[in-house]
Amino acid sequence: VGSCECYHWQSQNVKQSGVDDMVLLSKITEDAIVDNLKKRYMDDYIFTYIGPVLISVNPFKQMPYFTDREIEMYQGAAQYENPPHIYALSDNMYRNMMIDAENQCVIISGESGAGKTVAAKYIMGYISKVSGGGSKVQHVKDIILQSNPLLEAFGNAKTVRNNNSSRFGKYFEIQFSRGGEPDGGKISNFLLEKSRVVSQNENERNFHIYYQMIEGANDQQKESLGIMTPDYYCYLNQSGTYKVDGTNDSKDFQETMEAMQVIGIPGDHQTQVLQIVGGILHLGNISFIEAGNYGKVESTDLLAFPAYLLGIDPSRLQDKLTSRKMESKWAGKSESINVTLNQEQATYTRDALAKALYARLFDYLVEAINKAIQKPHEEFSIGVLDIYGFEIFQRNGFEQFCINFVNEKLQQIFIELTLKAEQEEYVQEGIKWTPIEYFNNKIVCDLIENKLNPPGIMSVLDDVCATMHAKGEGADGTLLQKLQAAVGVHEHFNSWNSGFVVHHYAGKVDYGITTSQIRRNKTKVTLWHLCLSSTFIRGLFPENLNTDKKSRPTTASSKIKKQANDLVNTLMKCTPHYIRCIKPNETKRPKDWEESRGRHQVEYLGLRENIRVRRAGFAYRRLFNKFLNRYAILTAETWPCWRGPEQQGVLHLLRSVNMDTDQYQMGRSKVFVKNPESLFLLEEMRERKFDTFARIIQKSWRKYIARKKYEQMREEASDILYNSKERRKNSINRNFVGDYLGLEQRPELRQFLAKRERVDFADSVNKFDRRFKSIKRDLILTPKGIYLIGREKVKKGPEKGQIKEVLKRKLEFGSLSGISLSTRQDDFFILHESQYDSLLESNFKTEFLSLLLKRYEEAIKRKLSISFTDRLEFRVKKEGWGGGGSRVVVFQRGQGDVAELKAGGKTLSITVGDGLPKSSSKWNQTTATWQTIGGEPGKNFLPGSLNEEKIMKVYIFWRPPSTAPPKLGSQRAPRVPAHSQNNQGNLDFLNVPDQGMSGKQRKRSISQRPPPAPKPQPQPKGPRCRAIYQYIGQDTDEISFDVNDVFDLIKEDPSGWWTGRVQGKEGLFPGNYVEKI
Ligand SMILES: Nc1ncnc2c1ncn2[C@@H]1O[C@H](COP(=O)(O)OP(=O)(O)OP(=O)(O)O)[C@@H](O)[C@H]1O
Ligand SMILES: [Mg+2]
């Protein structure tokens, strides 16, 4: 890279260090890999890819790139868009799960202290952040997150390799609903390192919980649990280590207790958990002395406290520790006798009890978490595997053997799936391929777990253990002899005088496994439950209720073997992802790269082989049908489904994006795509498509919400007129739209409003003056008041002669004194105000009124008075000489649905036929239907794709009624520039829905305007009319005319929108702007 500063080609301000994806290394050697990792590590980049595999180097310091900003950044982004990150991998898992409806898992491997547990927590945190869910789901998320501190308190400990070393293996399945909300989970735990309960190596500690409790318990707890300083307890004082750098045990204790609370462990159980922890500590202080071949409790005083805490009678505890019940068969009879134990045996019995109690307690906690988050049906899941890492200590016992065996199995999965299976697949699919050599550690796995031919180490251990009986002496020799006989010639095995060596994938380990260790690992639990008075503790030993049944106890080795294989089976059922953690040093210091350590890990992890296979091979492969399914959306031929051979469909898609032919190969059942970049091309096209659909759905959702609101408003509005006013036939079931003027796109009207002033209602209305002449006004209602906007010719200045919008009137709510209406079915209403009143006519008066009443009440805190009489009075504006006074409007019964106006002096008579009865209310006819997405005409959504994006959860679609409203094809369209009509590219969807989508909605509301004549009429001989006012057409289907223009009148419509022809152009205009001649 040299001295030039390179930056990540997509992300801004991200310096490039080495290569992000080691597939891009120019030379694939171990040196190059190590150098790249080191360079990046020193530059504080801990993550690097090998294709989809994430390499993570432990930074031993908090990196700044785990904030909400990164969570945002990696969400939904393609891998290549941002620098490598664990969030990218997490996001990929989550999205794959949703898109492909497949369970995912991530295998986090690496040696002890490499950062597996920290990685697992980042994944859980990310998923919790990006997935949705209500309060119930939040509860599950809380438990998932809180399970970490709880299980770490009881299952982690300081070792020489890691201050917070996991001493158990954990597979955490986060379960999701079909909508992608984490609504459940399940933890499977693997053999806990029990020996740690009773002894620890130098510089190591027992499990954290002991120190937490001692430091953090309150005085009352201290007293009841008999808490002393840690050096008082034999189970803690052997290693002389009590404190861990950077750990606050007291604070952690509070967190542990809090976690128990969140998980829902009841208070009394919490207490009992602590009692067991304390009880074990006190149990460890019971010591034995040799008294004539028998073990005797040294100080019986020390029996009291553990007996009390564990709920055992002290004398029974003493008996149980120093004697053993033996079944003896004699002359066909079986009787049980008590055999006294020697000092060593008594100590062993004590430790066995302590370990069993602790292990059961741990299982109880795991179970408690599982119960709190279990769900009846599993849908989707993401499994996170975080086990104890490969480790080598000074002395390596049976438990290290198990731990390393599980790591060996995980390496095997990796090899199987990424190196072996991948290459085999090419061969199987008939793709040209030159094999790449790699070390397959299956040979080591077989050495350990083979049952027969030759038996593996575990089989030999079991065998020796089963035939050992009571005889202890010489057993170790027998074990080694048998191992030598069975696997002595194995390349990965050596034996030495007091142990054996296994050549693991990650290095050679000397095991000093003695028969006593294996014997101790027989999981048979002695008959303790009989002595336990506490039901809680008895509950931890359920199998002992059946004491008579005797079966050969399962050994620890057969158990771990089974668990490891079950785990492999579980993992194999999911789509796997890998995080390979690398530990750069043993000093736990940041920016400290130990060359040899780094190189060793690079080697044994098989990174070079991984890169080579990856590079020579294909970054991506998919079964034809899965590929079709995923990218079907790209072309019309493949959407919603391809008809024809799948392979052809795949080819069709690849060609549709113009992918280079050297970039893909067709196998027998799968398509192989060479470079990730080529795949990204497809992905990006797909994203774009989904983006478009997401917007459609958002829009529909907004529409849905708006509709809901208007439905409610309509009912409220109906209530206002109920029993007071007759209704027009069409008005009851009409959908409320609010903004009938499309103010969003009308700056000339919006100019009178404040910047973000919300429009509740806007429509063109008729306003009547003192001579009852009507003129058009735009009526706008906002939470601030009522606006009446008119148009005037500019009298002077550069715009002279142009027609301009002018604010004619603005009514503050405070100045309104009431509204009056007739009882008939007309559309008139009067706004009464302190100065003068306004007589208006609007088709949408009910909608306007109901909104006005609401806003008025919100602003003024009382109801606006509303009166219904057939003799209305309105005061006119004082103007010059002829000002002031009042006018009267009288309503009379007439014929038809259209009001007829007759002005005479100061009275206007309005006659109109009968409408619907005043008691007409509540829409009784469903005019809208609600459908799921599939119902949208012309669009078809695959069920799978619904889960696609978070926003796509909304799957309600609105479809215009198919019957009730008239066809609106060429009716007055929204006043929206054509290009913005479909709203593409508008990302304002997060704003509170405005009512401004007048266009489309207007179409859906029952307009009073007639469908225009289907064909241009022949030259009319019919009536003509003269314009009383100027009218400027506001849409393409309208005509414009000036005052006194005379033109053909083609059709009069009761709605008031007449059809005329001006200079050959036919169109709509308001009938009351003209007089017939
Ligand atoms: N991404 C990280 N950022 C900062 N510190 C980290 C990170 N990963 C690991 N560490 C540090 O390294 C320590 C060891 O990491 P962790 O406990 O995850 O190791 P592990 O692989 O789980 O080891 P074990 O196998 O012993 O459980 C952590 O306690 C933390 O201090
Ligand atoms: Mg760990």
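Residues numbered from 1 in each chain as written. Chains lettered and ligands numbered in written order. Predicted model: local features only at pLDDT ≥ 70, side-chain atom pairs only at ≥ 80, totals over all residues. Heavy atoms only, no water.

Draft legend 1. Structural detail: the overall build of the chain. Counting its regular elements, the chain contains 30 helices and 38 strands. Residues counted as buried form 53% of the 1077 residues belonging to the chain. Long-range contacts, defined here as pairs at least 24 residues apart, represent 66% of the contacts in the chain between residues at least 6 apart. (Helix = DSSP H or I, 4+ residues; strand = E, 2+ residues; numbered from the N terminus. Buried < 20%, exposed > 50% of the residue type's maximum accessible area, 1.4 Å probe, protein only. Contact = heavy atoms within 4.5 Å.)

Draft legend 2. A look at the coordination of the magnesium ion (ligand 2). Note on the magnesium ion (ligand 2): its protein donors are Thr117 (OG1) and Ser166 (OG). The metal-donor distances range over 1.9 to 2.1 Å. Within this pair, whereas Thr117 is found in helix H4 (residues 116-130), its partner Ser166 is found in strand E5 (residues 165-166), the two being separated by 49 residues in sequence. Using a relative accessible area of 13% as the deciding quantity, one classes Thr117 as buried. (Donors = N, O, S within 2.8 Å, 3.2 Å for Na, K, Ca; no water.)

Draft legend 3. Spatial organisation of the UniProt feature "binding site: ATP" (unreviewed entry) in the chain. Within the UniProt annotation, "binding site: ATP" (unreviewed entry) is assigned to Gly110, Glu111, Ser112, Gly113, Ala114, Gly115, Lys116 and Thr117. You can see Gly110 is positioned in the loop between strand E3 (104-109) and H4. Those residues in contact with Thr117, other than ones at most four positions away along the chain, are Glu152, Ser166 and Asp386. (UniProt positions renumbered as here; feature names shortened; annotations may be inferred.)

Draft legend 4. Inspection of the site of ligand 1 at higher detail. The immediate surroundings of ligand 1 are formed by 20 residues, with Ser112, Lys116, Thr117, Ser165 and Gly389 found nearest. Residue Ser112 places a side-chain N or O atom 2.6 Å away from an oxygen atom belonging to ligand 1. In the model, an oxygen atom of ligand 1 is placed 2.9 Å from a nitrogen or oxygen of the Val118 main chain. For ligand 1, whose free accessible area comes to 630 Å², the fraction covered by protein is 86%. (Near = heavy atom within 4 Å. Polar contact = N/O pair within 3.5 Å; in protein donor to acceptor, adjacent residues only side chain to side chain. Areas by Shrake-Rupley, 256 points an atom, 1.4 Å probe, with all protein chains shown as cover.)

Draft legend 5. How the structure looks around the sheet that holds strand E31 (residues 907-912). With mixed pairing, four strands are arranged side by side in an open sheet as E28-E29-E31-E30. Of all the strands in the sheet, the pair left with one neighbour each is strand E28 (871-875) and strand E30 (900-904). Each strand axis lies, on average, 20° off the axis of its neighbour in the sheet, ignoring direction. Where E28 meets strand E29 (residues 886-893), five bridges bridge the pair, whose relative direction is antiparallel. By the bridge assignment, Arg875 is partnered in E29 with Ser886. (Pairing = 2+ DSSP bridges. Axes fitted to C-alpha atoms, helices over the stretch in contact; angles between N-to-C directions.)

Draft legend 6. Seen up close, the nonpolar core. If you look at the biggest cluster of nonpolar residues, it comprises 101 residues, and the most contacted ones within it are Phe154 and Tyr210. Ranked by residue count, the leading element in this core is helix H14 (residues 343-373), at 14 residues. Counting residues in hydrophobic clusters, the runner-up holds 66 residues, among them Phe405, Val460, Tyr505 and Ala506. (Core = buried A, V, L, I, M, F, W, Y, C linked by side-chain atoms within 4.5 Å.)

Draft legend 7. Representation of helix H1 (residues 30-42) in the model. With 13 residues, H1 ought to run about 18 Å at 1.5 Å a step, and its terminal C-alpha atoms sit 18 Å apart, in line with that. Of all the residues in H1, the buried ones are Glu30, Ala32, Ile33, Val34, Asn36, Leu37, Arg40 and Tyr41. In this structure, the buried side of H1 is in contact with strand E1 (47-50), strand E2 (53-57), strand E16 (575-582), helix H22 (595-604) and helix H23 (607-616). Once H1 finishes, Asp44 follows within two positions and takes phi at roughly 70°, a positive value. (Expected span 1.5 Å × (residues − 1).)

Draft legend 8. Just the confidence of the model for the chain, in detail. Averaged over every residue, the pLDDT of the chain is 80; the share at 70 or more is 82%. Counting contacts from residues 544-550, a segment whose pLDDT is below 50, to residues more than four positions away or on other chains yields seven contacts. Scored below 50 in pLDDT, residues 922-1018 makes 199 contacts in the model with residues more than four places away or belonging to other chains. (pLDDT = per-residue confidence, 0-100.)

Draft legend 9. How the structure looks around the sheet that holds strand E18 (residues 664-666). Reading across the sheet, the three strands line up as E17-E19-E18 and stay open at both edges, with antiparallel pairing between neighbours. Edge positions in the open sheet fall to strand E17 (620-623) and E18, since each of these has one partner strand only. Direction aside, neighbouring strands of the sheet carry axes that sit 15° apart on average. Looking at chain direction, E18 and strand E19 (residues 670-673) are connected through three bridges and run antiparallel. Across the sheet, Tyr664 pairs through a bridge with Val673, a residue of E19.

Draft legend 10. Molecular detail of the pairing of strand E15 (residues 507-511). Residues Gly507, Val509 and Tyr511 point to one face of E15 and are all buried, whereas Lys508 and Asp510, pointing to the other face, are not buried. Here strand E14 (residues 499-504) pairs with E15 via five bridges, running antiparallel. Bridging across to E15, Phe500 finds its partner in Tyr511. Remark: two residues form the turn of the hairpin made by E14 and E15, two consecutive strands paired antiparallel.

Draft legend 11. Structural view of the pattern of salt bridges. Enumeration over the complete set of coordinates arrives at 56 salt bridges. Between Glu425 and Lys670 there is a salt bridge; the shortest N-O distance is 2.0 Å. Pair noted here: Glu425 is in helix H15 (residues 398-428) and Lys670 is in strand E19, with a separation of 245 residues, a long-range link. Neither Glu425 nor Lys670 differs from the other in exposure class; each is buried. Notably, a salt bridge pairs Arg1026 with Glu1075, separated by 3.3 Å at the nearest N-O pair. Separated by 49 residues along the polypeptide, Arg1026 in strand E34 (residues 1024-1027) and Glu1075 in strand E38 (residues 1074-1076) bring together distant segments of the chain. For Arg1026, a relative accessible area of 30% puts it in the partly exposed group. Salt bridges sharing common partners tie together Arg161, Lys583, Glu586, Glu594 and Arg597. (Salt bridge = Lys/Arg side-chain N within 4 Å of Asp/Glu carboxyl O.)

Draft legend 12. View of the environment of Gln343. By the secondary structure assignment, Gln343 is in helix H14. On the basis of relative accessibility, which here comes to 30%, the residue Gln343 falls in the partly exposed class. Through-space distance from the C-alpha of Gln343 to that of Asn293 is 7.8 Å; in sequence the pair is 50 residues apart. Other than its neighbours up to four places away in sequence, Gln343 contacts Phe288, Ile289, Glu290, Tyr294 and Gly295.

Draft legend 13. Spotlight on the environment of Leu840. Relative to the helices and strands, Leu840 is located in strand E26 (residues 838-841). By relative accessible area, which is 0% here, Leu840 ends up buried. When the C-alpha atoms of Leu840 and Ile830 are compared, they prove to be 6.1 Å apart, with ten residues separating the residues in sequence. Residues in contact with Leu840, not counting those within four places in the same chain, are Val765, Asn766, Lys767, Leu779, Leu788, Asp827, Phe828, Phe829 and Leu831.

Draft legend 14. Representation of the packing of aromatic side chains. Counting across every chain of the model gives 38 aromatic pairs. Look at Phe66 and Tyr87: their rings are 5.9 Å apart centre to centre, the planes differ by 90°, and that puts the pair in the edge-to-face class. You can see Phe66 sitting in the loop between E2 and helix H2 (68-74) and its partner Tyr87 sitting in helix H3 (residues 86-100), a full 21 residues away along the chain. Grouped by ring-pair contacts, the aromatic residues Phe47, Tyr65, Phe66, Tyr87, Tyr122 and Tyr126 constitute a single cluster. Here the guanidinium or amino end of Arg205 rests over the ring plane of Tyr211, the centre of that ring lying 3.9 Å away. Over the ring of Phe414 we find Arg580, and its NZ or CZ is 3.7 Å from the ring centre. (Phe/Tyr/Trp six-rings, centres within 6.5 Å; stacked < 30°, edge-to-face > 60°. Lys NZ or Arg CZ within 6 Å of the ring centre and 35° of its normal.)

Draft legend 15. Up close: the side chain of Asp386. Tracing the backbone shows Asp386 in strand E12 (residues 380-386). There is no salt bridge for the buried Asp386, and the closest opposite charge comes from Lys170, which lies 4.7 Å off by N-O distance. At 2.9 Å, the side chain of Asp386 and the side chain of Thr117 are in polar contact. In this structure Asp386 touches Lys116, Thr117, Ala120, Ser166, Phe168, Gly169 and Lys170, once residues within four positions along its chain are discounted. (Lys, Arg positive; Asp, Glu negative; His and termini not counted.)

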